[in-house]
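Remarks on the overall topology
Given next are the chains, with one letter for each unit.
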Protein chains: 2
Amino acid sequence: MTRKSGDASRSTIRDVAARAGVSASTVSRVLGGVYPVSAATRGSVMRAVRELDYVADARAKAIAGAGTPTLAFVLEDITGPSFAHMAHGVEREATRLGHLCLVCSTEGDVRNELEFVEMMRSQRAAAVILVGGTADTPAYRERTQRMADSLASVGSRLVLCGRPPLDPGAPVTVIEYDNEGGAHTLVTHVLAQGHRRVLFLGGRADHTTALGRERGYLAAHRARGLTPDPSLVLHGDFTRDAGHRLMHQALVDGLEFSAVVAATDMVAAGALTALHEAGLKVPDDVSLAGYDDIPFARDLHPALTTVHVPYEELGRLAVRTALEHTPGTPDEHLLLGTHVVVRDSVGPGAVTA
Amino acid sequence: MTRKSGDASRSTIRDVAARAGVSASTVSRVLGGVYPVSAATRGSVMRAVRELDYVADARAKAIAGAGTPTLAFVLEDITGPSFAHMAHGVEREATRLGHLCLVCSTEGDVRNELEFVEMMRSQRAAAVILVGGTADTPAYRERTQRMADSLASVGSRLVLCGRPPLDPGAPVTVIEYDNEGGAHTLVTHVLAQGHRRVLFLGGRADHTTALGRERGYLAAHRARGLTPDPSLVLHGDFTRDAGHRLMHQALVDGLEFSAVVAATDMVAAGALTALHEAGLKVPDDVSLAGYDDIPFARDLHPALTTVHVPYEELGRLAVRTALEHTPGTPDEHLLLGTHVVVRDSVGPGAVTA
DNA sequence: TTGAAAGCGCTAACAT
DNA sequence: ATGTTAGCGCTTTCAA
């Protein structure tokens, strides 16, 4: 038992003042730092602070004008590797800039997002960062536009990180990366190996991240004068289980293909296992590529060819850009590049399907 | 451009009151919910609220006694899969119980931890959850005991989640899982396959998580009347890179072993790749096991035998237990069980080394 | 059912 | 250099 002051009997600045024989303002000044205070006064105040184990109530400071600023980020599930990396970038940069960092997992439920954003509005968070792709419906745009406006009205800022921009004029900071470009380059690489029937695997059918990558897949084909078979695009979600299930099903269905481009590395991992289970060798029998370049990609066997996305940088930039934003200034929209990481999972394919 | 009220001109409860032609208290009561207010009054207040797009300042509410409670969790790096799962559990349960959730990554620097805990004390967070193992030094115990006391003194609660308990009497809630037991069972399984020279790979030498697992490794040997060769324990850290590097070095050094037990699945993943690179087959030439049972473990090739840890549950319990704690009540200490997941990476070993 | 007034814990302008 | 006095935006007695 080492507890000093009685439990939960938080002492206030006035207790400290009384104990030190000075006024509350003096205590505030001593603790504040830079204001001129005599050494003697400072001494007795500090002693009182120590004896009482006093810490100023941050909420009271906040409301009085001082106080640590806060920033929030919202994602579907911190458990996804790319989410985790963005979150890490956000947290690091926020901390570096002296902000407290609130999180919320929506579990994919929009109502959670709405509710949380409203909460952040009342918290007067400096910025709210929506992390990760979404279904880009009119309802989404309208809803998000509203969030942007209502945050702006209390001096806060909405940030879309890895999420598509709204209509021009919305008070939003957007930090994206090039889903389409990355997929384009990746699929071009695959096609260059001679593959002609390339499966696109996983990702929610209505999800901007999946759609962007799919657009790249399509564009790469077209750029070569190829028209991909529509039955070669299989949707699901972004999990390893979806990859496993879809791949297994494709095999059972006797779908013809010589290469697989997965919507994410997670999907690719599941697909790889399904391929192995079917006795297929990668890349000898089937080539496989992923997207995201999560750390594990190197340890799949064969090591996974994939697209590297600067997730952490994305998170950092989201924070920095949002906090630097000056109202009245044009809204920022950044698009970060990606690059293909060639490893061992894509090999030559017969040109004749 | 849809912004309604002038930018950043947050309206206050008084603005709403004025607009609705009532007093501030009435507005407060209407918004508060359960207090009796006439339908007419409620109507005009709500309209004013809507027109002004008013949200009560959460900080002001907090200081006035109402206000959403807050909870914080601290971890080294959200990017680690097991951390991410604990974080997810924490966040879910906190949200479920109506709490806001603050995060902090320490990046392994104790000063960040100290600073953040002090911050949380001033935020009057309901609880602060320290997530993940650590070096269990006297300095650590003293420091942490101090955090526990100082949090308790403001009515907050320190929680150790996946981290060793302090000396009895410290005002702390502890939720652990059985590192030693899990490793014991796992290594027993490996030894039962006939392996006699089992490498223990990775983990920081001074880290409780690694040490607990190592103790289980040792105990399993002793239980069979075996004395493991001390040169078979190789420390590093918990990353896949460490696993790769250590495994590679062990191979170069010509260390003799027929099985490898990695401190974590991440380490195992790196080790597996190093093994493959050396042309060794798992489990034919060398058996390999991990610890944590992260989702990817299934997709390594061969699928990794490992120990399942209920990380998410751990996080959830940490929150629930902490928030349910009543001062004066005995301090909780939970120890969750683990179980071995047998997959394909451990095979029979020659009994003669 | 509603309003006036006090107070939450702090900071800051305004005196001395 | 230090104390006094107002607030900050909200809730909550206490009266009416």
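Notes on the structure follow. Just so it is clear, the structure is predicted and the values come from calculations on it, not from any experiment. (Residues numbered from 1 in each chain as written. Chains lettered and ligands numbered in written order. Predicted model: local features only at pLDDT ≥ 70, side-chain atom pairs only at ≥ 80, totals over all residues. Heavy atoms only, no water.)

**Notes on the environment of Y177(A)**
Residues and elements named next belong to chain A.
- Structurally, Y177 is set in strand 5 (residues 172-177).
- The buried category is assigned to Y177, whose relative accessible area is 6%.
- Expressed as a C-alpha distance, the spacing of Y177 and G89, which sit 88 residues apart in the sequence, is 15 Å.
- Aside from chain neighbours lying at most four places away, what touches Y177 is G162, T209, R213, V309, Y311, L314, L335, L336 and T338. (Helix = DSSP H or I, 4+ residues; strand = E, 2+ residues; numbered from the N terminus. Buried < 20%, exposed > 50% of the residue type's maximum accessible area, 1.4 Å probe, protein only. Contact = heavy atoms within 4.5 Å.)

**Regarding the protein's contact with DNA strand C**
- Taken together, 26 residues surround DNA strand C, and among them I13(A), Y54(A), T26(B), R29(B) and T41(B) come closest.
- Here the atoms of DNA strand C within 4 Å of the protein split so that 59% fall in sugar or phosphate, with bases taking the remainder.
- In this structure, S23(B) approaches DNA strand C through a main-chain N or O atom, which is 2.9 Å from a phosphate oxygen.
- Where the surface near DNA strand C is concerned, the elements lending two or more residues are helix 1 (13-20), helix 2 (24-32) and helix 4 (58-63) of chain A together with helix 2 (24-32) and helix 4 (58-64) of chain B.
- Partitioned by chemical class, the residues of the surface near DNA strand C number 13 nonpolar, eight polar and five charged. (Near = heavy atom within 4 Å. Polar contact = N/O pair within 3.5 Å; in protein donor to acceptor, adjacent residues only side chain to side chain. Nonpolar A, V, L, I, M, F, W, Y, C, P; charged D, E, K, R; others polar.)

**Let's talk about helix 9 (residues 208-223) of chain B**
Residue and element names in this part refer to chain B.
- With 16 residues, helix 9 extends 22 Å from end C-alpha to end C-alpha; this agrees with the ideal 22 Å at 1.5 Å per step.
- All buried positions along helix 9 are accounted for by T208, T209, A210, G212, R213, E214, G216, Y217, A219, A220 and H221.
- Contacts made by the buried residues of helix 9 are with strand 5 (172-177), helix 8 (179-192), strand 6 (198-201), strand 7 (233-234) and helix 12 (311-324).
- Looking one or two residues past helix 9, G225 carries a phi angle of roughly 75 degrees, positive in sign. (Expected span 1.5 Å × (residues − 1).)

**Considering the side chain of D293(B)**
- Along the polypeptide, D293(B) turns up in the loop between strand 9 (287-289) and strand 10 (306-308).
- Ignoring anything within four residues of it in the chain, the contact list for D293(B) reads D265(B), T306(B), V307(B), H308(B), V341(B) and R343(B).

**Looking at the relation of the copies chain B and chain A**
- Its rotation angle being 180 degrees, the transformation that places chain B on chain A also includes 0.0 Å of axial translation and leaves an RMSD of 0.1 Å. In the structure described here, the two chain copies are related by an operation that fits a two-fold rotation axis. Closest to the rotation axis within chain B is the C-alpha of L102(B), separated from it by 2.2 Å.
- A shared interface surface links the copies, since 100% of the contact residues of chain B are contact residues in chain A too. (Least-squares fit on C-alpha atoms with pLDDT ≥ 70 in both.)

**Comments concerning the environment of G32(A)**
- Here G32(A) lies in helix 2.
- In this structure, the C-alpha to C-alpha distance between G32(A) and I129(A), residues 97 residues apart in sequence, is 31 Å.

**Brief notes about the sheet that holds strand 6 of chain B**
Residues and elements named next belong to chain B.
- Sheet architecture is open: four strands sit in the order 7-6-8-9, paired in parallel fashion. Strand pairing shows two members of the sheet lacking a second neighbour, strand 7 and strand 9, which therefore form its edges.
- In the sheet, strand 6 pairs with strand 8 (residues 259-262) via four bridges, with the strands oriented parallel. Bridge pairing in strand 8 places V198 opposite A259.
- Sheet strands touched by helix 8: strand 6, strand 8 and strand 9. Its angle to strand 8, the strand with the most contacts, is close to 175 degrees.
- Helix 10 (residues 240-252) rests against strand 6, strand 7 and strand 8 of the sheet, and its axis sits at about 145 degrees to strand 6. (Pairing = 2+ DSSP bridges. Axes fitted to C-alpha atoms, helices over the stretch in contact; angles between N-to-C directions.)

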